[in-house]
Amino acid sequence: MKRYFSYAIPIAFVIYVLILLLFHLLFDGYSMFINKIYQNLFISILSGIIYVALFFGFIWFNLKNTLGYLESDSFDEPKYGHKLVEEIETKCNDFNQLKEIFINHFPSVKVSEDKSAIKFLGPITMKRWNAGGICYFNPDNKKLKVILIPYMGYSQRSEKQLKDEMDKIKNLISG
């Protein structure tokens, strides 16, 4: 989960501090701004640290369970939170064939050959927080148990995203 925040936190901090300094310059005027440059810098940096810590702390709190589980090495079924579970019949004869489908269509995939499980993450952008999940392949009846988890917890929007993601997986597996 750190990889998502490692680039966003410094960028957000710099933008916030520069905006505050610009506002000080616009409202105080150039001569007043130059006279109080160290005071303005100190206030901007301190408020930037507080704002960025609160903002990303809130996001971290919301994502720690879902993204933490999806990025972990555990292939146990999740026992918490909002999820969508379905069993899908597949045309794949073996686990390797199924694994290739997921590797080609998702940016982050982890595989457990022992449990015939595939853990995958959908793409994350600033506009859209998709869903991730875990699949268990049963080679005896050629069924795939898919468990999808939204990144941001339960909401009507995440419910729709889960259904859309499940339809996408059904098309990938069946087609």
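Predicted model only: the values in this text are computed from it and were never measured.

A. Region of interest: the overall build of the protein chain. When its secondary structure is counted, the protein chain shows 6 helices and 5 strands. In terms of overall size, the protein chain is more extended than a compact globule, its C-alpha atoms giving a radius of gyration of 22 Å where 175 residues would be expected to give roughly 16 Å. Dimensions of the protein chain along its principal axes, counting C-alpha atoms only, are 80 × 30 × 30 Å. In the protein chain, the proportion of contacts linking residues at least 24 apart, taken out of those at least 6 apart, comes to 59%.

B. Looking closely at the packing of helix H5 (residues 95-105) against helix H6 (residues 156-174). One way to put it is that H5 packs onto H6 with a least axis distance of 10 Å and a crossing angle of 130°. With respect to H6, the element H5 is oriented oblique. Classified by chirality, the crossing of H6 by H5 is right-handed. Counting all contacts with H5, which are made through Leu98, Ile101, Phe102 and His105, the residues of H6 involved are Lys168, Ile169, Leu172 and Ile173. Among the residues forming the contact of H5 with H6, the class breakdown is 6 nonpolar, 1 polar and 1 charged.

C. Representation of the packing of aromatic side chains in the model. Counted according to the given criterion, the structure contains 7 aromatic pairs. Summarising the aromatic geometry, the rings of phenylalanine 106 and phenylalanine 120 are spaced 4.6 Å apart at their centres and angled 40° between planes, so their arrangement reads as tilted. Highlighted residues: phenylalanine 106 in the loop between H5 and strand E2 (108-112) and phenylalanine 120 in strand E3 (residues 117-121), separated in sequence by 14 residues. The lysine or arginine in question, lysine 119, covers the ring of phenylalanine 75, its NZ or CZ lying 5.3 Å from the ring centre.

D. Structural detail: the pattern of salt bridges. Scanning the entire structure with this criterion turns up 6 salt bridges. When the shortest N-O distance is used, the salt bridge between lysine 145 and glutamate 77 registers 2.9 Å. Of this pair, lysine 145 sits in strand E5 (residues 143-150) while glutamate 77 is found in the loop between helix H4 (66-71) and strand E1 (84-89), placing the two residues 68 residues apart along the sequence. One salt bridge connects glutamate 86 with lysine 170, and the closest N-O pair in it is separated by 2.7 Å. Taken together, the residues glutamate 86 in strand E1 and lysine 170 in helix H6 connect sequence positions 84 residues apart. We classify lysine 170 as partly exposed; its relative accessible area is 29%.

E. Looking closely at the nonpolar core. Formed by 21 residues in total, the largest nonpolar core has its most connected members in Leu98, Phe102, Leu144, Val146, Leu148, Ile169 and Ile173. Of all the elements, H6 adds the most residues to this core, at 5 residues. Once residues lying within four places of it in the same chain are set aside, the contact partners of phenylalanine 102 are Val109, Ile118, Phe120, Cys135, Leu144, Ile169 and Ile173. Listed in part, the 17 residues of the second largest apolar core include Phe5, Leu63, Leu70 and Tyr151.

F. Seen up close, a nonpolar patch on the surface. A cluster of nonpolar side chains, Tyr7, Ile11, Ile15, Ile19, Leu22, Phe23, Leu26 and Phe27, forms an exposed patch at the surface whose accessible area comes to about 860 Å². Turning to its location among the elements, isoleucine 11 is positioned in helix H1 (residues 2-28).

G. Focus on H5. All of the buried residues along H5 are Phe95, Leu98, Lys99, Ile101 and Phe102. Angularly, the buried residues of H5 cover 155° about the axis, an arc narrow enough to put them on a single face. Of the surrounding elements, those touching the buried residues of H5 are E2, E3, strand E4 (131-138), E5 and H6.

H. The arrangement of the sheet that holds E5 in detail. Pairing within the open sheet is antiparallel, and its 5 strands lie in the order E1-E5-E4-E3-E2. Strands at the two margins of the open sheet, each flanked by one partner only, are E1 and E2. Pairwise comparison of adjacent strand axes, ignoring direction, gives a mean angle of 20° for this sheet. Inspection of the sheet shows E3 paired to E4 by 5 bridges, in the antiparallel sense. Counterpart to lysine 119 in the pairing with E4 is isoleucine 134. Sitting on the sheet, H5 is in contact with E2, E3, E4 and E5, with an inclination near 5° to E3. Set on the sheet, H6 makes contact with E1, E3, E4 and E5; between it and E1 the angle comes to about 15°.

Rules used in this analysis
Numbering of residues starts from 1 in every chain and runs along the sequence as written. Whole-chain, interface and lining totals are the exception, using all residues; otherwise, since this is a predicted model, local features are given only for residues with pLDDT of at least 70 and side-chain atom pairs are given and counted only at 80 or more. Only hydrogens and water are set aside; all other atoms, that is, all heavy atoms of the structure, feed into the side-chain values. A helix here means a DSSP run of H or I that spans at least four residues, while a strand means a run of E at least two residues long, and both kinds are numbered starting from the N terminus. Each radius of gyration reported is based on C-alpha atoms, and the globular scaling rule is 2.2 Å times the count of residues to the power 0.38. By definition, residues are in contact when any of their heavy atoms lie within 4.5 Å. Axis definition: a line fitted to C-alpha atoms, over the contacting stretch in the case of helices. Angles run 0 to 180 degrees between N-to-C directions. Roughly parallel here means an angle under 35 degrees, roughly antiparallel means over 145, roughly perpendicular means 65 to 115, and every remaining angle is called oblique. Here a crossing is called left-handed whenever its near helix is offset anticlockwise from the far helix by less than a right angle, and right-handed whenever the offset is clockwise. Any residue that is not Ala, Val, Leu, Ile, Met, Phe, Trp, Tyr, Cys, Pro, Asp, Glu, Lys or Arg is counted as polar, Gly included; the first ten are nonpolar and the last four charged. Ring geometry is summarised as follows: Phe, Tyr and Trp rings, the Trp one being its six-membered ring, pair when their centres sit within 6.5 Å, and such pairs are stacked at plane angles under 30 degrees, edge-to-face over 60 and tilted between the two. We call a charge positioned over a ring when the NZ of a Lys or the CZ of an Arg lies within 6 Å of the ring centre and within 35 degrees of the ring normal. Definition used for salt bridges: Asp or Glu carboxyl oxygen within 4 Å of a side-chain nitrogen of Lys or Arg. Summary of the burial criterion: residues with accessible area below 20% of their type's maximum are buried, those above 50% are exposed, and those between are partly exposed, where the area comes from a 1.4 Å probe applied to protein chains only. Joining through side-chain atoms within 4.5 Å is the link that ties buried Ala, Val, Leu, Ile, Met, Phe, Trp, Tyr and Cys residues into a set, and such a set is a nonpolar core. Surface patches are drawn from residues lacking salt bridges whose relative accessible area is over 30%; two like charges belong together within 9 Å, two nonpolar side chains (Val, Leu, Ile, Met, Phe, Trp, Tyr) within 5 Å. Note on areas: Shrake-Rupley, 1.4 Å probe, and residue coverage restricted to the protein chains presented here. For this quantity, the arc is that covered by the directions from the helix axis to the C-beta atoms. The pairing criterion is simple: DSSP has to find at least two bridges between the two strands.

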